[in-house]
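This is what each chain is made of:
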Amino acid sequence: MHVTTSPGPDAGSVVAVVSGELDVATTPQLRQVLQGCIDEGTGVLVVDLTDVAFPDSTALSVFISLHKRLIGTGGLTLVTPHEQLLRIF
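All of these numbers come straight from a predicted model, not from anything done at the bench. (Residues numbered from 1 in each chain as written. Predicted model: local features only at pLDDT ≥ 70, side-chain atom pairs only at ≥ 80, totals over all residues. Heavy atoms only, no water.)

### Focus: the side chain of Thr42
Thought 1: Among the secondary structure elements, Thr42 is positioned in the loop between α1 (27-39) and β3 (44-55).
Thought 2: For Thr42, a relative accessible area of 11% corresponds to the buried category.
Thought 3: Only 2.9 Å separates the side chain of Thr42 from the backbone oxygen of Cys37, close enough to count as a polar contact. (Helix = DSSP H or I, 4+ residues; strand = E, 2+ residues; numbered from the N terminus. Buried < 20%, exposed > 50% of the residue type's maximum accessible area, 1.4 Å probe, protein only. Polar contact = N/O pair within 3.5 Å; in protein donor to acceptor, adjacent residues only side chain to side chain.)

### Some thoughts on the sheet that holds strand β2 (residues 13-22)
Thought 1: Sheet architecture is open: 4 strands sit in the order β1-β2-β3-β4, paired in mixed fashion. Each edge of the open sheet carries a strand with a single partner, namely β1 (2-7) and β4 (75-79). Taken pair by pair, the neighbouring strands of this sheet meet at an average axis angle of 20°, ignoring direction.
Thought 2: In the sheet, β1 pairs with β2 via 6 bridges, with the strands oriented antiparallel. What sits directly across from Val3, in β2, is Val18.
Thought 3: Across the face of the sheet, α1 comes into contact with β1, β2 and β3 while running at roughly 180° to β2. (Pairing = 2+ DSSP bridges. Axes fitted to C-alpha atoms, helices over the stretch in contact; angles between N-to-C directions. Contact = heavy atoms within 4.5 Å.)

So, in structure tokens, the structure goes:
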């Protein structure tokens, strides 16, 4: 699993591009990176999952937690073009 972050198009936003598998072994790193963005003042987080093969339940819990933290500031957006991932969410 690999995560790269960059400033988003709007002030206070971040785009995170995630690749690889999201499972019990990799989600702690994912959580650390994305929560670090929020701790630094990000109010809008866009997570691009285009290159993610499969997110397990631990990854889903990370996204739910992040969504709850960002409800009042703009939110969390997950981007995926894959029908398989859309059914999971």
